[in-house]
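# Notes for the structure review
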Amino acid sequence: MSSPMNGPMDGDRYGSAGSANRWAGEPMSEPAEGPATTADPVLLIRDVTKVYGEGEATVRALRGVSLTVERGDYVAIMGASGSGKSTLMNIIGCLDVPTTGTYLLGGADVGALDEVRLARVRNRRIGFIFQSFNLIPRMSALANVELPLAYGGVRAAERRRRALAALGLVGLSDRVGHQPNELSGGQQQRVAVARALVTSPTLLLADEPTGALDSTSTKDILAIFDRLNLGGKTIVVITHEDDVAAHAKRVVRLMDGRIVDDRRQAPVDGPPPLVDDRSPTGAMSER
Amino acid sequence: MNVLEISRFAVRGLTANKMRSVLTMLGILIGVAAVILLVAVGQGSSDSIKQRIQSLGANTLTVSASFSGGFGGPAGGRGGGGGAAGPRTQARGLTLEDARAIAASGDAPSVKSVSPVVTSSSATTTYEGASHSISQVVGTYPSYFEATNKPVTSGAYFTNQDVTAVRKVVVIGKTVADELFGQVDPVGKKVNIQGAAFTVVGVLKESGSTGGQDADDIAVAPLPAVQQSLTGYGSLGSIVVQATSAEVTDVAEAEITAILDQRHDVTGNATADYRILNQASLQETVTEATGTFTVLLAAVAAISLLVGGIGITNIMLVTVTERTREIGIRKAIGAPRGAILGQFLIEATLLSLVGGLLGVGVAVAGSQFTIAGVQPVIVPQSIVLALGVSVAIGLFFGSYPANRAAKLRPIEALRFE
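First, a word on scope: everything that follows refers to the structure included in this document. Keep in mind the model is a prediction, meaning the values are calculated, not measured. (Residues numbered from 1 in each chain as written. Chains lettered and ligands numbered in written order. Predicted model: local features only at pLDDT ≥ 70, side-chain atom pairs only at ≥ 80, totals over all residues. Heavy atoms only, no water.)

## Focus on unusual backbone geometry
Residue and element names in this part refer to chain A. Of note in this structure, R138 is not a glycine but carries a positive phi near 60°. With respect to the secondary-structure elements, R138 resides in the loop between strand 6 (126-129) and helix 3 (141-152). Assessed through its relative accessible area of 48%, R138 is described here as partly exposed. Even without being glycine, E208 reaches a positive phi, approximately 45°. Relative to the elements of secondary structure, E208 occurs in the loop between strand 7 (203-207) and helix 6 (215-230). (Helix = DSSP H or I, 4+ residues; strand = E, 2+ residues; numbered from the N terminus. Buried < 20%, exposed > 50% of the residue type's maximum accessible area, 1.4 Å probe, protein only.)

## Thoughts on the nonpolar core
A:L43, A:I77, A:I92, A:Y103 and A:L105 are the most contacted members of the largest nonpolar core, which totals 78 residues. Considering every element that reaches this core, the biggest residue donor is helix 11 (residues 337-366) of chain B, with nine residues. Not counting the four nearest positions on each side in its chain, A:L105 is found in contact with A:V42, A:L43, A:C94, A:V110, A:V121, A:R125, A:I126 and A:L203. Ranked by size, the runner-up nonpolar core spans 44 residues in total, among them B:V114, B:V137, B:I193 and B:A196. (Core = buried A, V, L, I, M, F, W, Y, C linked by side-chain atoms within 4.5 Å. Contact = heavy atoms within 4.5 Å.)

## Things to note about the sheet that holds strand 7 of chain A
All names here are of chain A. In space, the six strands of this open sheet follow the order 6-7-8-3-9-10, with mixed pairing throughout. Of all the strands in the sheet, just strand 6 and strand 10 (258-264) have a single pairing partner and so form its edges. Averaged over all neighbouring strand pairs, the angle between strand axes comes to 15°, with direction disregarded. Across the sheet, helix 5 (residues 185-197) is in contact with strand 6 and strand 7; its angle to strand 6 comes to roughly 170°. (Pairing = 2+ DSSP bridges. Axes fitted to C-alpha atoms, helices over the stretch in contact; angles between N-to-C directions.)

## Quick notes on the interface of chain B and chain A
How big an interface is tends to be expressed through the accessible area that disappears when the partners come together. Opposite the 24 residues of chain B that make contact, chain A presents 23 residues. Around 2,100 Å² of area is buried between chain B and chain A when both sides are counted, 59% of it from carbon and sulfur atoms. Put simply, chain B and chain A have three salt bridges between them. With its nearest N and O atoms 3.4 Å apart, the salt bridge here joins A:D96 to B:R409. For the pair chain B and chain A, the interface holds seven residue pairs in polar contact (both at pLDDT 80 or more). Where the side of chain B that touches chain A is concerned, the elements lending two or more residues are helix 1 (3-15), helix 10 (324-332), helix 11 and helix 13 (410-415) of chain B. In terms of residue count, the dominant contributor to the side of chain B that touches chain A is helix 10 of chain B (six residues). Looking at the side of chain B that touches chain A residue by residue, the class counts come to 12 nonpolar, two polar and 10 charged. (Buried area = accessible area lost by both parts, 1.4 Å probe. Salt bridge = Lys/Arg side-chain N within 4 Å of Asp/Glu carboxyl O. Polar contact = N/O pair within 3.5 Å; in protein donor to acceptor, adjacent residues only side chain to side chain. Nonpolar A, V, L, I, M, F, W, Y, C, P; charged D, E, K, R; others polar.)

Any functional reading would require information that these geometric values do not contain.
So, in structure tokens, the structure goes:
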């Protein structure tokens, strides 16, 4: 249960942003599923469809979506409600399986995995950030951040160290003992980001991350995303806000279950378009 | 993700809603305590009944004359055929010769001693100014004391010489001593029983009352002395036979039957004119009866344990529904199904285990008190059983809600409000 994890973690260069290199690329207790190399795209979705229901009540949420996301990219998936973006997000997040089509996460075919392995993939490869934070109540920020590591089988001391580092990265070192109901919305979302980061996932998947936040907190979160992407993290954001999409290197629009627009705003290997290069940590440490 | 870790989540889940957890535990607590305590009460009453029977002499057989021709009793008279049995030719009482035959016969190797007994009831006894009516005056041989388990606390038994010399000596029970002498030591004093003067030689140890009758309101004197002054020389009231050991009482009974059948001309279908009361088989019957009684009590208590278990299912279902979103979050960040299942199973098991342990505590504390006139005796197996069952109940009744939690699909769970 303690072989070093190579491959996807090698791409993590966000250590350059500060204290993170102490835990970036830490050995996980077990290698992730399937073969994975740095050469593979993070996401490879081909002709994915999703159909709900049967007969008259059939809903075709996705009607053949193909999408490739390279390592280090920052993609915003946009679309009105009913466009299928939530379904796509569930499939990307391994919370749901496509009806047809293939989905490779870091080179591994997710469609072929059983429930136990899917849970492990969610744990190791994907960091979730939800609109409604989804922190577990009555658990301190630290315990919340430690949780994915606990399910990943990391030892307690190691867990604590990495969780504290992740909380430090989002500027919440002084709030580790607070419970979610003692934190502001922005702070809760930063705890959620720390929780998503703590396992050093291949992909950071955010579903309307700023949907429940005021403008200041929104700026904070987006600055963190910019900085993480600058550090090499691959990020996919589901949003319907243009302000959020403006931060992404690439914007994909969905309509009626199909991709209708795929526009690149900045090169994959460059910095995100709106990154604040002068003060990468400033936005967070002020609060 | 080890068990300890999952247990910590479970404990956190339980402490998050303390009042509810405590109330759920209460159901199991009451169930476990009831099982242990009621079994203890059953055991206690069984023990006390056995002890009383034991105090009558464990390996004794009482032969008494039977004029009604009854079949009753575990060692009832011989003969079958019931109403069709031939008319009883002659019902003879038991005689001293019968007793001697049993004692002397080489046909009865399992018999240790034989004590012929005559009794006289309500014998008015006086000592100086005090007067008391002894409920039972027994005339017998010295072996009677050992056979019926009646030791003396002060003084001595009368001897065989006393019997042969027809000496008027008497050993009195505790009640008689108290009534007539109060604080005075009765040994050596002369009392007047129905007009005859007896010298007290000993006082029996207190044996306690058995079923309303005061077993200490008794006086025991040599057989001929009682016959001479109280009962007359008629037939014996009974013959108390002591077997050599408790195991051979049945053998002794058969031997006595053989001897008496021959002496009383009981043959074929004829109904015996005596009957033999066997203490051992009486004890067996009583033990069986109290065993049934204990099982009955335990069954009633087990129902409350079951109700407690259903309470656990109920609360766990509420908990799972209430925490659907939390389960969704845990699954989304990679909790395997086993971890979720384990967490809720451990929660349910902890509820029942802690409830069970507290129940044991309550039962042990409760057993210190006398309940309904019975001093409960805790049966260790009942503790193990009740605890085991309570844990099993936690696992069993917790598995349904836990399974439901584990099967929740993360997307739906996350959407749950």
